[in-house]
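Secondary and tertiary structure notes
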Amino acid sequence: MSTAIFGATSCYMFEIFSFQFSYFDFAVLSLVGLLIGMAKTGIQGANMIAVPMVVIIFGGKNSTGVMLPILMFADIFGVQHYHQHADWNHLKKLLPSALVGVCLGTITGNYINDEVFVICMAMIIFLSLIIMVWREKTKPEIPTSIWFASTVGVTGGFTTMVGNLAGSVMAMYLLAMRLPKNQFIGTAAWFFLVINLFKFPFHVVVWKTITFESFLLDVLLIPAIAVGAYLGIRITKKISEKDYRWFIIIMAAVAAVAMLL
């Protein structure tokens, strides 16, 4: 696995676990850890901003493998703090179909090149953003059937495999369900912990996007993830329910523009 350096010369580069980084690259990667820590403890849209940063350094498909352990470490912080707020009725509806979506995403990822992979990631964010704004503005009747939840689950599983981008899909669903802030975070935390653990062997064995070296690199980011998790908890407590919902939408918009550019 190689990195794409931001035009740095060799005198500004160093090696960590067989990866060549510029100092700027590593600073960006540390910021990714911080943002993902914040995302998993309440600032959901921060995750969607982190995705383009990792894509720039590692490329499309490889970036998904680098990000997954970071997400898993952050999931643990999120579940530890919000586990009691999870709505298990929604999780029971979403998880089985989401596992199917992960399998479909794994198969699809084997047949597309890196350029198409990045375009898919950008379009996932962009389309999710349109749906989120539409639902927030119109507040239409929400389907309650198991088929609606299953469709969301498959979509979430697929998008989390192809780009770690199910945050926008889950945000759309949980916002549509009008879950209170803490229940929103707790439900999402458990969903992603289960799904990300399920994804891990596919990345190791099928896509080979997680190696021993890349996992050690992610371990180095745990302090940044922990700081981000703390900041996410503190910031979430100060945001009102209405402002929180629009904050998620705005952050998704920024991520969509970044990916399309």
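In what follows, the accompanying structure is described.

Definitions and limits used
- Sequence order as written defines residue numbering, which begins from 1 separately in each chain.
- The model is predicted, so local features are restricted to residues of pLDDT at least 70 and side-chain atom pairs to those at 80 or more, both for listing and for counting; the totals for chains, interfaces and linings are taken over all residues.
- Working from all heavy atoms in the structure, the side-chain values ignore hydrogens and water.
- Note on geometry: axes are C-alpha line fits, over the in-contact stretch for helices, and angles between N-to-C directions span 0 to 180 degrees.
- A run of DSSP states H or I qualifies as a helix once it reaches four residues; a run of E qualifies as a strand once it reaches two. Both are numbered from the N-terminal end.
- Any angle that is under 35 degrees is reported as roughly parallel, and any over 145 degrees as roughly antiparallel; angles of 65 to 115 degrees are reported as roughly perpendicular and all others as oblique.
- Helix crossings are classified by the rotation of the near helix relative to the far one: an anticlockwise turn of less than a right angle makes the crossing left-handed, while a clockwise turn makes it right-handed.
- Residues are treated as being in contact if the distance between any of their heavy atoms lies within 4.5 Å.
- All residues other than Ala, Val, Leu, Ile, Met, Phe, Trp, Tyr, Cys, Pro, Asp, Glu, Lys and Arg, Gly among them, are scored as polar; the first ten of these are nonpolar and the last four charged.
- Nonpolar cores are built from buried Ala, Val, Leu, Ile, Met, Phe, Trp, Tyr and Cys residues. Side-chain atoms within 4.5 Å join them into one set.
- Buried residues are those whose accessible area, probed at 1.4 Å on protein chains only, stays under 20% of the maximum for their type, while exposed residues exceed 50% and partly exposed ones sit between those limits.
- Pairing between two strands requires that DSSP report at least two bridges joining them.
- The charged-residue count follows a simple rule in which Lys and Arg add positive charge and Asp and Glu add negative charge, with His and chain termini not counted at all.
- For salt bridges, the criterion is a side-chain nitrogen of Lys or Arg within 4 Å of an Asp or Glu carboxyl oxygen.
- Polar contact is the term for a pair of N or O atoms within 3.5 Å; when the atoms are in protein, one must be able to donate a hydrogen and the other to accept it, and sequence-neighboring residues count only if both atoms are side-chain atoms.
- Any pair of Phe, Tyr and Trp rings, taking the six-membered ring for Trp, is counted once the centres come within 6.5 Å. Such a pair is stacked with planes under 30 degrees apart, edge-to-face with planes over 60 apart, and tilted for the rest.

So, the packing of helix H3 (residues 60–82) against helix H10 (residues 222–237)
Running from N to C, H3 and H10 point in directions that differ by 40°, and their axes come no closer than 10 Å. The angle between H3 and H10 falls in the class oblique. Relative to H10, H3 is oriented so that their crossing is right-handed. In contact with Ile70, Phe73, Ala74, Phe77, His81 and Tyr82 of H3, H10 contributes Ile222, Ile225, Ala226, Ala229, Ile233 and Thr236. Class assignment of the residues belonging to the contact of H3 with H10 gives a composition of 10 nonpolar, two polar and no charged.

Quick notes on the nonpolar core
In terms of nonpolar packing, the biggest core is built from 64 residues, with Phe21, Ile36, Phe58 and Phe191 touching the most fellow members. Setting aside its immediate chain neighbours within four residues, Phe191 contacts Leu91, Leu94, Leu95, Ala98 and Met170.

Notes on the pairing of strand E2 (residues 19–22)
Pairing analysis gives four bridges linking strand E1 (residues 13–16) to E2, with the strands arranged antiparallel. Paired with Ile16 across the strands is Phe19, a residue of E2. Hairpin connection from E1 to E2: two residues lie between these consecutive antiparallel strands, with Phe17 at a positive phi of about 50°.

Examining the side chain of Asp87
By secondary structure assignment, the location of Asp87 is in the loop between H3 and helix H4 (88–109). Buried charge without a partner: Asp87 forms no salt bridge, and the closest opposite charge is Lys93, 7.8 Å away. Within the structure, Asp87 has its side chain in polar contact with the side chain of Gln183 (distance 3.0 Å). Ignoring anything within four residues of it in the chain, the contact list for Asp87 reads Leu179, Gln183 and Thr187.

Some words on the packing of aromatic side chains
Counting across every chain of the model gives 12 aromatic pairs. Between Trp88 and Trp190, the aromatic rings sit 5.4 Å apart at their centres with planes inclined by 50°, giving tilted as the arrangement. Of the two residues, Trp88 sits in helix H4 while Trp190 sits in helix H8 (residues 181–207), which places them 102 residues apart along the sequence. By relative accessible area, which is 40% here, Trp88 ends up partly exposed. Chaining the aromatic ring pairs together yields one cluster made of Phe14, Phe19, Phe21, Tyr23, Phe26 and Phe58.

Overview of unusual backbone geometry
We note that Ser18 has phi near 75°; this positive angle belongs to a residue other than glycine. Along the chain, Ser18 turns up in the loop between E1 and E2. Using a relative accessible area of 48% as the deciding quantity, one classes Ser18 as partly exposed. Positive phi, close to 55°, is recorded for Lys208, a residue that is not glycine. Tracing the backbone shows Lys208 in the loop between H8 and helix H9 (212–219).

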